Amino acid sequence: MDRAGRSDGQVQSAVREVAGRRVWPVALGGAALSLRPDLSRETAAATINAAIDGGVNLIDTARAYTTADEEAHNERLIGDVLAARQDGSSVMVATKGGHFRAGSAEWRNDARPAALRADVERSLRALRRETVDLYFLHWPDAEVPFAESVGALGELRAEGKLRAVGVSNVDLSLLAAARTVTAIDAVQNPYSACDGGDDELLRECERHGIPFMAYSPLRGWDAATASPRLLALAADRGVSPQRLLLAWLLHRSPVLLPISGAGRPETATDSAAAARLSLRPDEVRTLDAVIRDHREAGAAAQDPS
């Protein structure tokens, strides 16, 4: 197995480790299951079950992932699905607080310690659990000292409400600040195969063995403008281009763990299977070139000069 965790023909990352637990290299992101109004509860539940049946044992959610008229919709949905499965208790759930939906198109931050405590209690009820496996501060709150918000989560962990604490949507300086307050078990930030992300933060997580949970891992993907080389390689391997891109992301770093959203069972199954897709060195080079060209074209398009 090499530095990125490839193991030719097997689960290419051999599994990731998050807060002391071994997890599938691709997590399921729950946001779309509640934020998309066209999805029925039956389809949403089937999507979660398909992900778990495909090997996924880490699901990401948040207080903010809810419908406009129902509090904690996503957490409750996930809690109900897991409660109905014999293996549900073995699935790790990561959720987030300090950020909430305040209307049909409005989200706000409230990361005061008292608000975070209330968020955690709400999550425990919705998820039907006595302890949250992994709890993130969803966004830094400009109205609350960052150390106070992170410190509150450390206290909740000490009380047994949380098993592990993470920070989301942070930069290098905020991660460093958080680590002076309490142990940080994971970071959750955007990182896309197509559009990239904060590579300095990713390398810092590598240095300290902190899992980097990458949300929006396929942001920027557009079938209409996809590279012919990417489509040809996907066809040659008999997989979707999306699965190929997720597999490439898993080669980026041994601590990177994509959170892949899904709105259909088939999509959840396909994303989970990316962990089984081992890429040859020549395929990695091809994808490196394709993604580099995509990012350079995007940067050129945004350059007003």
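Details of the side chain of H73
Within the secondary structure layout, H73 lies in helix α3 (residues 73-83). For H73, a relative accessible area of 14% corresponds to the buried category. Those residues within four positions of H73 in sequence are excluded, and the remaining contacts are L33, S34, Y65, T66 and T67.

Considerations on helix α10 (residues 265-272)
An α-helix turns once every 3.6 residues. As a result, residues three or four positions apart point the same way. What α10 keeps buried is the set A268, D270, S271 and A272. Those residues of α10 hidden inside the fold are in contact with α2 (41-53), α9 (241-252) and β13 (256-261).

Some words on the pattern of salt bridges
Pairs can form between side chains of opposite charge whenever their charged atoms are close. Here the structure, examined in full by the defined rule, presents 28 salt bridges. A salt bridge links D38 to R36, with the shortest nitrogen-to-oxygen separation between them at 2.8 Å. Exposure remark for R36: the relative accessible area of 36% places this residue in the partly exposed category. Across the pair E266 and R264 runs a salt bridge, and its minimum N-O distance is 3.6 Å. Each of the salt bridges in this network shares a partner with another, and the network as a whole consists of R21, R129, D133 and R163.

What to know about the packing of helix α5 (residues 146-158) against helix α6 (residues 172-181)
One can describe the packing of α5 onto α6 by two numbers: an axis separation of 9 Å at closest approach and a directional angle of 50°. As far as their axial angle goes, α6 and α5 are oblique. Both α5 and α6 take part in a crossing whose hand is right-handed. Contact residues: α5 offers F146, A147, V150 and G151, while α6 offers L174, A177, A178 and V181.

Re the side chain of H138
Its place among the elements puts H138 in the loop between β8 (134-137) and α5. The exposure class of H138 is buried, given its relative accessible area of 6%. Beyond its immediate stretch of four places on either side in the chain, H138 contacts A62, A64, Y65, K96, G97, H99, S168 and N169.

Let's talk about unusual backbone geometry
For A19, which is not a glycine, the phi torsion comes out positive at approximately 50°. Residue position: A19 is located in the loop between β1 (16-18) and β2 (21-23). With relative accessibility at 34%, the residue A19 sits in the partly exposed group. One non-glycine residue with positive phi stands out, namely S216, at about 55°. You can call S216 partly exposed: its relative accessible area is 33%.

Some words on the nonpolar core
Counting residues in each nonpolar core, the largest one holds 73 residues, and the members touching the most others are I48, V167, V187, F212 and L244. When residues in this core are grouped by element, the largest group, 7 residues, is from α9. Each residue touching I48, except ones within four places of it in the same chain, is listed here: L28, L33, I59, L77, I78 and V81. Of all hydrophobic cores here, the second largest spans 13 residues; its members include M92, A94, A186 and I259.

Focus on the packing of α3 against helix α4 (residues 113-127)
Put simply, α3 and α4 touch, their axes get as near as 7 Å, and they point 35° apart. Of the residues in α4, those in contact with E75, R76, I78 and G79 of α3 are S123, A126 and L127. When its residues are assigned to classes, the contact of α3 with α4 shows 3 nonpolar, 2 polar and 2 charged.

Things to note about α2
Between the first and last C-alpha of α2 there are 18 Å, a value that for 13 residues agrees with the 18 Å anticipated at 1.5 Å per step. Inspection of α2 places A44, A45, T47, I48, A50, A51 and I52 among the buried residues, and these make up the whole buried set. Structurally, α2 contributes buried residues whose contacts are with β3 (27-29), α1 (31-35), β4 (58-60), α3 and α10. Phi for G55, located one or two positions after α2, is positive at around 115°.

Rules used throughout
- Residues numbered from 1 in each chain as written.
- Predicted model: local features only at pLDDT ≥ 70, side-chain atom pairs only at ≥ 80, totals over all residues.
- Heavy atoms only, no water.
- Helix = DSSP H or I, 4+ residues; strand = E, 2+ residues; numbered from the N terminus.
- Buried < 20%, exposed > 50% of the residue type's maximum accessible area, 1.4 Å probe, protein only.
- Contact = heavy atoms within 4.5 Å.
- Salt bridge = Lys/Arg side-chain N within 4 Å of Asp/Glu carboxyl O.
- Axes fitted to C-alpha atoms, helices over the stretch in contact; angles between N-to-C directions.
- Parallel < 35°, antiparallel > 145°, perpendicular 65-115°, else oblique.
- Left-handed = near helix turned anticlockwise from the far one by under 90°.
- Core = buried A, V, L, I, M, F, W, Y, C linked by side-chain atoms within 4.5 Å.
- Nonpolar A, V, L, I, M, F, W, Y, C, P; charged D, E, K, R; others polar.
- Expected span 1.5 Å × (residues − 1).

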